Every structure is written in C-alpha cells, then in structure tokens.
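Architecture at a glance
Listed here are the chains, written in short residue letters.
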Amino acid sequence: MAEGKWYVVHTYSGYENKVKTNIEQSIENRKMQDQIFEVLVPTQQVVELKNNVRKVSEKKIFPGYVLVNMIMNDDTWYVVRNTRGVTGFVGPASKPVPLTDREMATLGVRTAEKIEADFAVGDMVSAIGGVWQGTAGEVKRIDENKQTVTITVDMFGRETPVELSFAEVKKM
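All of these numbers come straight from a predicted model, not from anything done at the bench.

Spatial ordering of the open sheet is given by β2-β5-β1-β6, a layout of four strands whose pairing is antiparallel. If you trace the sheet from one side to the other, it starts and ends with β2 (36-40) and β6 (86-89), each paired once. Taking each pair of neighbouring strands and ignoring which way they run, the sheet shows an average axis angle of 30°. Here β2 runs beside strand β5 (residues 65-70); their pairing, made up of four bridges, is antiparallel. Residue Leu40 lies in a different strand from β5, and its bridge partner there is Leu67. Along the sheet, helix α1 (residues 16-30) contacts β1 (5-11), β2, β5 and β6; its crossing angle with β2, the most-contacted strand, is approximately 165°.

Structure, rendered in structure tokens:
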C-alpha cells in the first residue's frame, strides 16, 4: 500500500471543523479509507484569564486551513476539492504540494512510525493507558491507518464501543 502525504487545504474561516466532518463523511460514503487516512484541524490549548477566572480552551493554530493525510490522485483530489467549504489546496495553480516530515514536525503534528497490532478482531484486550486504563474489552474493529482499535466495554449493563490508540491496549 502506498504511503500518504500531508496536504494543506484552504477553507472558509470558521468552517474548519465542518470541512473536517464533511471530508470524513465523504471518505465513509465513498469507501476511500485506503486513500484518505486522516483529516486534522490543528489546535492548541490556551489559558485565558477573565475576571480572575482561568479558562482553558482550544484555539485553532491555522484558522482557515485543514490538514489532510492522503494519497494524491484524481479521485482523492476531487473528493477533497469539491467538499463544501473548501476553497482549494495550498500550492501553485491547481497542483497541491505535500508537506515534508520536517514541516509536519515544525507544526507539532506527529508523524510517528506505525505500531504493529498484535491482536485481531474478536481478541480480548486490556486498556493500559488513557481514561479507560484497566478496562478489558473485545476487539470489534481495527483501523491500521488511524492506528486505532474499537473495543466494546460493559457500561451500565450495555456493550459500548470505545476507540483507543494501539499504544493504549495490550492483548490479554
């Protein structure tokens, strides 16, 4: 499978999260998970002090821009470019230019190497990190591209799906 590259997509200001949701919906509808891997709206935590009250909020690092990790071809270009709220790719004319790993590191976006999953659908795993630490569940879905696993945990007598990163689980 080919390796995806990160591209910068220009959006209407204030529409970044809507564009992210629309692109993810298009990926799901067109079954393009093997070509468009991840959509990010880079944010940072900001502490504001108003009337002696500390308030922590998320602030967009690049208003008007969304990052997309994908394999560039005519189909993926068309899907992203024709998403409502997208004004175009960043690059000369209509030729999108991918970001380098160095540029991604400068942006603070992880480009870590992939973790190999040592479990399969149906296996029992235990959460070893995050808010679900110590919880066990059955693997229902594995997403190699996003490096996540969906497990079901028993919550209030019901099976509830929970998505965890590969680094947060171990096989039982």
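In this section: the sheet that holds strand β10 (residues 158-165). With antiparallel pairing, the five strands of this open sheet are ordered in space as β10-β9-β8-β7-β11. Sheet topology places β10 and β11 (169-171) at the edges, where each strand pairs with a single neighbour. Neighbour to neighbour, the strand axes of the sheet diverge by 45° on average, direction disregarded. Inspection of the sheet shows strand β7 (residues 124-127) paired to strand β8 (residues 136-143) by three bridges, in the antiparallel sense.

Backbone geometry at Lys31 places phi at a positive 55°, although glycine is not the residue there. Relative to the helices and strands, Lys31 resides in the loop between α1 and β2. On the basis of relative accessibility, which here comes to 64%, the residue Lys31 falls in the exposed class. One non-glycine residue, Phe156, adopts positive backbone phi at about 55°.

With that out of the way, let us pick up the environment of Asp123. You can see Asp123 is positioned in the loop between α3 (101-107) and β7. Remark: the alpha-carbon pair of Asp123 and Ile151, spanning 28 residues in sequence, is separated by 9.5 Å. Leaving out residues up to four positions away in the same chain, Asp123 has contacts with Gly137, Glu138, Val139 and Lys171. Within the local environment of Asp123, its side chain forms a polar contact with the backbone nitrogen of Ala120, the two atoms lying 2.8 Å apart.

Scoring rules and cut-offs
- Every residue gets a number counted from 1 within its own chain, in the order that chain's sequence is written.
- Under the rules for a predicted model, residues below a pLDDT of 70 receive no local features and side-chain atom pairs below 80 are neither given nor counted, while totals for whole chains, interfaces and linings still include all residues.
- To obtain the side-chain values, all non-hydrogen atoms of the structure were used and water was disregarded.
- Think of it this way: DSSP has to see at least two bridges between two strands before they count as a pair.
- In this text, helices come from DSSP runs of H or I with a minimum length of four residues, and strands from runs of E with a minimum of two, each type numbered from the N-terminal end.
- Lines fitted to C-alpha atoms define the axes, with helix axes restricted to the stretch in contact, and inter-axis angles between N-to-C directions lie between 0 and 180 degrees.
- Only heavy atoms matter for contacts: two residues are in contact if any of them lie within 4.5 Å across the pair.
- Accessibility here uses a 1.4 Å probe with only protein chains present; expressed as a share of the type maximum, an area under 20% marks a residue as buried, one over 50% as exposed, and anything in between as partly exposed.
- Think of a polar contact as two N or O atoms within 3.5 Å of one another; within protein, one of them needs to be a possible hydrogen donor and the other a possible acceptor, and neighboring residues in sequence only count if both atoms come from side chains.

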